[in-house]
Amino acid sequence: MTVKNLVFWVVFVAAASLFARSAWKLRQYLRFARPDNRFDHIGARLGQMLTVGLLQTKILRDRGAGIIHVSIFWGFLVLLAAAAEAVLEGLHPALNLNWLGPLYSLSTIAADVFCAFIIVATLAALWRRYVTRIPRLQIRDDRIEAALILLTIFTIVSSLLLLNVARIRLGNDYSWAVRPVASVLAPVLPLGELAHEVFWWIHIVLILAFTNYLPYSKHLHVLTSLPNVFFSALGYPRTVPAIDFSAETIEKFGARDIEDFSWKTLLDGYTCTHCGRCTSVCPANQTGKVLDPRQIIIAINKRTMDKGPLLLKLRDWADNASRADRRQAAEAILRGKRVEEMSALEQQVFQMVFTEEEQALWQKRLVGDYISPDALWACTTCGACMQECPVNIEHVPAIVGMRQALVMMEASFNDESSLLPNVYANLETNSVPWGGMSHSDRAAWAEGLPIKTAAEDSTMEVLFWVGCAGSYDERAKQVARAFAELMHHAGVEFRILGTEECCTGDPARRTGNEYLADMLTRQNIETLDRYKVRTIVTICPHCFNTLSNDYPRFGGQYQVMHHTHFLRQLIESGRLVIDRSKLSPQTVTYHDSCYLGRYNNEYEAPRAVLESVPGLEIIEPDRSRDRGFCCGAGGGRMFMEEHIGEKVNHNRTRELLATGANTIAAGCPFCMTMLTDGVKAADRADDVAVRDISEILRDALKQ
C-alpha cells in the first residue's frame, strides 16, 4: 500500500459518506409524499425501462440531440467498468480487472472508443447550446451549470484517454488491455510517469466530485432516469390523481404542497433534465401563454428541496419528543398543515421546532410562490409534454392535482377560468356543461330517426354514447345523426340512453372538480350496469377516454370504441359498402385529436376510414399523429376564455389550411368547434369545410 493509496482511501471514504447522506435525504423526502403502487407488472416495467431508458427511444425522436445524448449516455454505461477499475487501483495497487481476460479486452476497446464519442458529443452539445443557441436550451439559470457539467464530462473522459496513453507509453498497461484510440495517440503524445499520476487523480477526483454534485443539480437524472422510467405509467398516463372521498381520514383534496403529490411526482422532479422538449411542444407555451411544463416540474423540485429539510427536522423532533401530545401535534403538522389550520398546541410546537426563517419558508405556497395559477389554467392537458419527455415525467397528473386543490380547497379561479363555477352548476343541475340546456332535451337530436332508448328495449349490439356535444351542440348533432345513419345502413342493433345519459365527468375531472366528476361517474355506471351494457361506441374522444380509462377504477368495465374504430370494423367486415363509382374529388387533411391519438394511440382507424372513400386525397399536416398539435379545447379549455397570446385553435387551423386541402376532417366534436372557429377567423369558411369523418363516409355509401 502506497501513500497514494492511503490518500485515496481518505478521499474515497469522505466522498462515499457524503454521497450516501445526500442519497438518504432524497429518499426520505419521497417518503413524505403520498404512497403510490408502482411495483405492479414488473415484466412490463422492465421492458419499458429497456426501450425508453436504455435504448433511449424517446431521446432519439429528436435525431440531432438524440445522437449526442445517446453517445454520452451509452458511453457512461461503458465507462462504468473503467471508473470501477480506477477506484480499485486507488484502494490497492494490485487491484484491477485484468483477470477478466477476453472480457477485459472487450471492455477496454469499448471504453477507448466511447471516450472519443463522448469527447465529440460534449463539444457538439456545447456548440448547440452556446453557438447555434437552440431555443429550448436557453435557460438563464442553467447556462453556467450546463457549461461546467459538459466541461467536467469532457475532462473526465479526456483524462481517462490520456491516462491510458501514458500507460501505453510507459509499457505498464495490463496484459489483456486493448486500446485502439490511445494506441494511435501514444506515438505522438510524450506522456510519462508524472502525466500518468496527474491524469489518474484528475479522472478519479472529478468522478467522485461529479457523483456528489449530482444530488444537488439537474444532472441528478443520471441516477434517477432509469428508475423513473421503470416506475412511470405503463403505456401513457391517461388518468388523473384519484381521490377516495369515502376515506374518513381525508383532510385535503388535490395537491396543495409536496406532501400531497405521489412520490412518483417528486421523483419526476429529481429526474427532470431541463431539456425543454416538453415546453417546445406545449400548445399553450407555443402560443404565448405563461405555462412552461418544464418550469412546473422544476418548481415542484425546488419546493421539495426547500421544504424537505424542514420535514426531516420536524420528523426527527417528533420521533424524539418526550410528550405524546406534542408528538401527535408534530405528526399533524407533518401532514402539510399551514399555521392558520393548526391548533394552539400545534402552533406552539411549530414555533419550537422552526426558526422564523424556516417558518416563513414552510408557509410559502406551491401554487402562488413557486407556480403561477395562470400556468395551471392554461394547460389543455393535451399530453404532448409527456409524449416528448425522454424520461417519462408525468406533467399532466401533477397539473390536474394542483387544479384539484385550487377548485376543491380554495374555490380559486383566474380570469380565464372564471366561467367554470357556472359549468359545474350546469353539470350538477342538468348533467351538461352548457347553460340554458334542459336535461329532458338530451335525446331531441334523434327526432325523426328510428332510434330506441335502452329503456324502451335493452337488447343491443352496442350502446351509442352520444355525449353532451352530440346531444346539444347544433353542429355536433349533425355528426351524431350521420353516425346513427351509418349504423342503420350497416344493420347495427344499437341503443341510446337518452335522458338517462349524463356527462361523463371529463370537463369536471380535468379542471380539478373531482368530487363532481366522481358523482357523475358513479351515476353513469349505475345506469350502464342496470342495462347490462358491455360495448359502447362514442363520437367524442373525451367520452371515449373517460369511459375507457377513468371508469374502470370505479368498477365500470366496458369495451369502449371510438366511432372511427367502429366504422373501420364495419367497412372491413363488409357491413358498410362503399360506392366505388361515386368519386369524391376532394382533398382532405385530418386533425388528430389528442384524446384519441396521443392518449389512446388510435391514429390508423380515422385514416383507414378516409382511405376507403374513393377519390379522396389525404394530405398530412406538418404536425400529425403522435406529434399532432392540440386544437385548444382539452382540459376544460373548451369552457374557458383565452385572452393571452395567440389562440391555440388559430395556430392549429393555420397549419391545416397551409396543406391546401379543401376539407378539414375531424373525429372529435370539440376539435370540430375549435377548427370551425379557426377557419372563420381566417376568413376561409367559404372554400374550406370542417367535417367529421362519419359525414364524409356517409356521402360515399352505396345506397
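Refer to the structure presented above.
These remarks concern the structure in this document.

### A look at the overall build of the protein chain
Okay, step 1: The secondary structure content of the protein chain amounts to 30 helices and eight strands.
Okay, step 2: Each principal axis of the C-alpha distribution contributes one length, and for the protein chain these read about 95 × 75 × 45 Å.
Okay, step 3: Sorting the 703 residues of the protein chain into buried and exposed places 57% on the buried side.
Okay, step 4: Long-range contacts, defined as pairs at least 24 residues apart, comprise 78% of the intrachain contacts of the protein chain with a sequence gap of at least 6.
Okay, step 5: Approximately 29,100 Å² of the protein chain is accessible, and the part contributed by carbon and sulfur atoms is 57%.

### As for the pairing of strand β7 (residues 663–666)
On a regular strand, each side chain points to the face opposite its neighbour's, so the side chains alternate between the two faces of the sheet.
Okay, step 1: Every second residue of β7 is oriented toward a common face, with Thr663 and Ala665 on one face and Ile664 and Ala666 on the other, all of them buried.
Okay, step 2: By the bridge criterion, three bridges tie strand β5 (residues 586–590) to β7 in an arrangement that is parallel. For Val588, the partnering residue across the bridge sits in β7 and is Thr663.
Okay, step 3: Bridge count between β7 and strand β8 (residues 689–692): four bridges; the pairing is parallel. Residue pairing for β8: Thr663 is matched across the bridge by Ala689.
Okay, step 4: In this fold, β7 hands off to helix α29 (residues 669–681), which returns the chain to β8; that crossover is right-handed.

### Digging into the nonpolar core
Okay, step 1: Ranked by internal contacts, the top residues of the largest apolar core, which has 77 residues, are Leu291, Ile296, Trp362, Ile371 and Met402.
Okay, step 2: Among the elements that make up this core, the one with the highest residue count is helix α12 (residues 293–319) (eight residues).
Okay, step 3: Apart from residues lying up to four places away in sequence, Ile371 is in contact with Ile296, Ala299, Ile300, Leu366, Leu376 and Met402.
Okay, step 4: Counting residues in each nonpolar core, the second largest holds 64 residues, with Phe464, Phe494, Ile664 and Leu701 among its members.

### Quick word on empty space enclosed by the protein
Okay, step 1: Applying the stated criterion across every chain, the model contains nine cavities of 30 Å³ or more.
Okay, step 2: There is about 140 Å³ of room inside the largest cavity.
Okay, step 3: Lining the largest cavity are 17 residues, with Ala82, Glu85, Tyr104, Leu160 and Arg179 sitting closest to its centre.
Okay, step 4: Top contributing element to the lining of the largest cavity by residue count: helix α3 (residues 63–91), with five residues.

### Brief notes about the sheet that holds β7
Okay, step 1: On the basis of which strands lie adjacent, the open sheet formed by four strands has the order β6-β5-β7-β8 and parallel pairing. Taken across any chain shown, the strands that pair with only one partner, and hence form the sheet edges, are β6 (616–618) and β8. Averaged over all pairs of adjacent strands, the angle between strand axes in this sheet comes to 35°, irrespective of strand direction.
Okay, step 2: Contacting β7 and β8, α29 crosses the sheet at an angle of about 170° to β8.

### Digging into the layout of surface pockets
Okay, step 1: By volume, the largest pocket is sized at about 1,500 Å³.
Okay, step 2: What lines the largest pocket is a set of 46 residues, among which Arg34, Pro35, Asp36, Ala242 and Ser262 lie closest to the centre.
Okay, step 3: The greatest single-element share of the lining of the largest pocket, amounting to four residues, is contributed by helix α19 (residues 395–409).
Okay, step 4: When grouped by side-chain class, the residues that make up the lining of the largest pocket number 19 nonpolar, 10 polar and 17 charged.
Okay, step 5: One number sums up the size of the second largest pocket: a volume of about 1,300 Å³.

### Points about the side chain of Asn651
Okay, step 1: Position of Asn651 relative to the elements: it lies in helix α28 (residues 648–657).
Okay, step 2: Accessibility expressed as a relative area gives 11% for Asn651, which makes it buried.

### Observations regarding the packing of helix α2 (residues 42–54) against helix α8 (residues 221–231)
Okay, step 1: Close contact between α2 and α8 brings their axes to 8 Å; oriented N to C, the two are set at 135°. It follows from the interaxial angle that α2 and α8 lie oblique. Seen from above, α2 lies across α8 with right-handed handedness. Here Ile42, Arg45, Leu46, Gln48, Met49, Val52, Gly53 and Leu54 of α2 lie close against α8, whose contacting residues are Leu226, Val229, Phe230 and Phe231.
Okay, step 2: Here the contact of α2 with α8 is built from residues that sort into nine nonpolar, two polar and one charged.

### What about the packing of α3 against helix α5 (residues 143–170)?
Relative orientation and spacing of two packed helices are given, respectively, by the angle between their axes and the distance between those axes.
Okay, step 1: Where α3 meets α5, the closest approach of the two axes is 12 Å, and the angle between their N-to-C directions is 60°. Comparing their axes, α5 and α3 come out oblique. Crossing of α3 against α5: the hand is left-handed. Touching Phe76, Leu79, Ala82 and Glu89 of α3 are Ile153, Val157, Leu160 and Arg167, all from α5.
Okay, step 2: Split into classes, the residues belonging to the contact of α3 with α5 amount to six nonpolar, no polar and two charged.

### Quick word on the sheet that holds strand β4 (residues 559–562)
Strand pairing in a sheet relies on backbone hydrogen bonds. The paired strands run either parallel or antiparallel.
Okay, step 1: Reading across the sheet, the four strands line up as β2-β1-β3-β4 and stay open at both edges, with parallel pairing between neighbours. At either end of the open sheet lies a strand with only one pairing partner, and these are β2 (494–495) and β4.
Okay, step 2: In this sheet, strand β3 (residues 535–538) lies alongside strand β1 (residues 462–465) in parallel orientation, the contact comprising three bridges. Along β3, the bridge assignment pairs Phe464 with Val537.
Okay, step 3: Relative to the sheet, helix α26 (residues 563–572) contacts β1, β3 and β4, its axis offset from that of β4 by approximately 90°.

### Topic: α26
Okay, step 1: Among all positions in α26, only His563, Thr564, Phe566, Leu567, Leu570 and Ile571 are buried. All buried residues of α26 fall inside an arc of 160° around its axis, so they share one side.

### Some details on the packing of aromatic side chains
Centre-to-centre distance and the angle between the planes together describe a pair of aromatic rings.
Okay, step 1: One pass over the structure, following the stated rule, counts 26 aromatic pairs.
Okay, step 2: Relative to Tyr599, the ring of Tyr236 lies with its centre 5.1 Å away and its plane at 65°, an arrangement referred to as edge-to-face. With Tyr236 in the loop between α8 and α9 (263–271) and Tyr599 in the loop between β5 and α27 (604–611), this residue pair connects regions lying 363 residues apart in the sequence. Each member of the pair, Tyr236 as well as Tyr599, carries the same accessibility label: buried.
Okay, step 3: Judged by centre distance (5.4 Å) and plane angle (75°), the rings of Phe350 and Phe354 are edge-to-face.
Okay, step 4: Through successive ring pairs, a cluster of aromatic residues spans Trp445, Phe464, Phe483, Phe494 and Phe566.

### Concerning unusual backbone geometry
Okay, step 1: In this model, His41 sits at a positive phi of 50°, which is unusual for a non-glycine residue.
Okay, step 2: Structurally, His41 can be placed in the loop between α1 (3–31) and α2.
Okay, step 3: Overall, His41 belongs to the exposed group, its relative accessible area being 53%.
Okay, step 4: Of note, Asn392 is a non-glycine position whose phi angle comes to about 60°, a positive value.
Okay, step 5: You can see Asn392 is positioned in the loop between α18 (384–388) and α19.
Okay, step 6: Among the residues examined, Asn392 registers a relative accessible area of 10% and is labelled buried.

About the cut-offs
- Residues numbered from 1 in each chain as written.
- Predicted model: local features only at pLDDT ≥ 70, side-chain atom pairs only at ≥ 80, totals over all residues.
- Heavy atoms only, no water.
- Helix = DSSP H or I, 4+ residues; strand = E, 2+ residues; numbered from the N terminus.
- Buried < 20%, exposed > 50% of the residue type's maximum accessible area, 1.4 Å probe, protein only.
- Contact = heavy atoms within 4.5 Å.
- Areas by Shrake-Rupley, 256 points an atom, 1.4 Å probe, with all protein chains shown as cover.
- Pairing = 2+ DSSP bridges.
- Right-handed = clockwise from strand over helix to strand, strands pointing away.
- Core = buried A, V, L, I, M, F, W, Y, C linked by side-chain atoms within 4.5 Å.
- 1 Å grid on protein atoms, 1.4 Å probe; cavity = no way out; pocket = protein on both sides within 12 Å on 5 of 7 lines; lining within 4 Å.
- Points joined across faces, edges and corners; volume = space filled by probe spheres on them.
- Axes fitted to C-alpha atoms, helices over the stretch in contact; angles between N-to-C directions.
- Nonpolar A, V, L, I, M, F, W, Y, C, P; charged D, E, K, R; others polar.
- Parallel < 35°, antiparallel > 145°, perpendicular 65-115°, else oblique.
- Left-handed = near helix turned anticlockwise from the far one by under 90°.
- Arc of directions from axis to C-beta.
- Phe/Tyr/Trp six-rings, centres within 6.5 Å; stacked < 30°, edge-to-face > 60°.

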